[in-house]
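Structural description and commentary
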Amino acid sequence: MNIYTDMFVTFFKVGLFTIGGGYAMIPMVENDVVRKKRWLGSEEFIDILAVAQAAPGLFAINMATYISMRIAATREGIRGWLLGLVGSLGVALPSVIVILLIAMFFQSFKNNPWVMRFFMGMRPAVVALILVPCLRMFKTAKISVNNIWIPISACALISFCGISPVLIVLCAVVCGFVYGKMKGGRR
Amino acid sequence: MIFWQLFLTFSNIGILNFGGGYAMLSLIHNEVVEKNAWLTASEFTDIVAISQSTPGPIGINVATYTGYISVLNSGMPEWAAVLGAIVATLGVLWLPFLLMIVVSRLLLKSISSMDTDKTAIINSMFSVIRPAVVGLIAAAAILLMNSENFGSFAESPFQFIISLFIFGFAFIGSLAYKTNPIILLLLCGLAGLMIF
């Protein structure tokens, strides 16, 4: 198998067999890319996770693209962007297929009273399941008494003042940059 | 033209997304439910529920599903809705993909000469962005705590109280017992089926 097909198949499998979002993919990608195919070393893999997490966009796509660029950098005759494209499409394709099948199916059952009651029960749970990762992120985002005003004001501005989340993100990026520069200049 | 609008909207959502699929939800809710009114709030919640319990990244699942339903809601046929799903998905992918290529070129070139000053700036930048993202996710949850998802106490107190119980059950199940979200969603759906 050439490396492009191999990449596509690997990430297609990852997309198909991980449920629960990008981070659930990490162990599976590591197993395939580091242990089985030996495309990368395990330290390189950790660097890749850090960059894929920090950059904007979808974690899975960032990971596929950066892994490809790393592979292309160490081997002759591989186009990194093409490998990344193949990997990204591979990881996205199972979602598109599965969701489209469900969407078509669900549209025709939407007004069935059983289905309606099932979804009525599920909706409050969805809200709870969004709140939980948010609380878990308190640790990884290093939230303390000093900076808890950031998430609280971001949340209040969006949900109570109707400020667009787009503005909040842009503002955080700019403020973060300025803060970093100031802190860097002081040293 | 709804396809072009979908593409632009999801391009925006893609590049402004820091911190994964859940952070994306408040961006999508803002654009798709509030600004463009392509979906109702309860349709959005159903999409999130289905996206959480199907394979693949949540961001891609939500984009695909939202693209499909938005086009369908605007009165177009099913084949156009499939096109809408593909357009929204590509929209959410292309900018981060290009950015990643540029970033990795730069990083691979300068990985040995990456000075500690630059790393320090990037680190403090994210010390502001990450807490803001937590606020963004919380906002998504708060925005979805509405009468479309919980019922209203005035109209049907029964549904409202049961909804609160379901919410508490899923919250504790996920936070304290780390129960698989798919199992929780199925259990809550079954509870709704039997009680409502």
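Computed from a predicted model, the values in this text were never measured in an experiment.

**Things to note about helix H7 (residues 149-159) of chain A**
Within the span of H7 of chain A, buried status applies to Ile 150, Pro 151, Ala 154, Cys 155, Ile 158 and Ser 159 of chain A. Mapping the buried residues of H7 of chain A onto a view down its axis gives an arc of 135°, with all of them on the same face.

**Concerning the environment of Ile 67 of chain A**
All names here are of chain A. Along the chain, Ile 67 falls in helix H4 (residues 59-74). A count of 28 C-beta atoms within 10 Å places Ile 67 in the buried class. When the C-alpha positions of Ile 67 and Trp 39 are compared, they lie 8.8 Å apart, and in sequence the two are 28 residues distant. Apart from residues lying up to four places away in sequence, Ile 67 is in contact with Val 33, Leu 40, Ile 48 and Gly 87.

**Let's talk about the environment of Asn 30 of chain B**
For Asn 30 of chain B, the position within the fold is in helix H2 (residues 20-35). A sequence separation of 11 residues divides Asn 30 of chain B from Gly 19 of chain B, and the C-alpha atoms of the two residues are 17 Å apart. When near neighbours in sequence (up to four residues on either side) are disregarded, Asn 30 of chain B contacts Ser 164 and Pro 165 of chain A together with Lys 35 of chain B.

**Describing the interface of chain A and chain B**
Each partner contributes residues to the interface: chain A has 84 residues there, and chain B has 95 residues. Sorting the residues of the side of chain A that touches chain B by element identifies helix H1 (3-17), helix H3 (42-54), H4, helix H5 (80-109), helix H6 (113-140), H7 and helix H8 (165-186) of chain A as the ones contributing at least two each. The leading source of residues in the side of chain A that touches chain B is H6 of chain A, at 22 residues. Among the residues forming the side of chain A that touches chain B, the class breakdown is 60 nonpolar, 19 polar and five charged.

Definitions and limits used
Residues numbered from 1 in each chain as written. Chains lettered and ligands numbered in written order. Predicted model: local features only at pLDDT ≥ 70, side-chain atom pairs only at ≥ 80, totals over all residues. Buried ≥ 20, exposed ≤ 12 C-beta atoms within 10 Å, placed from the backbone. Helix = DSSP H or I, 4+ residues; strand = E, 2+ residues; numbered from the N terminus. Arc of directions from axis to C-beta. Contact = placed C-beta atoms within 7 Å. Nonpolar A, V, L, I, M, F, W, Y, C, P; charged D, E, K, R; others polar.

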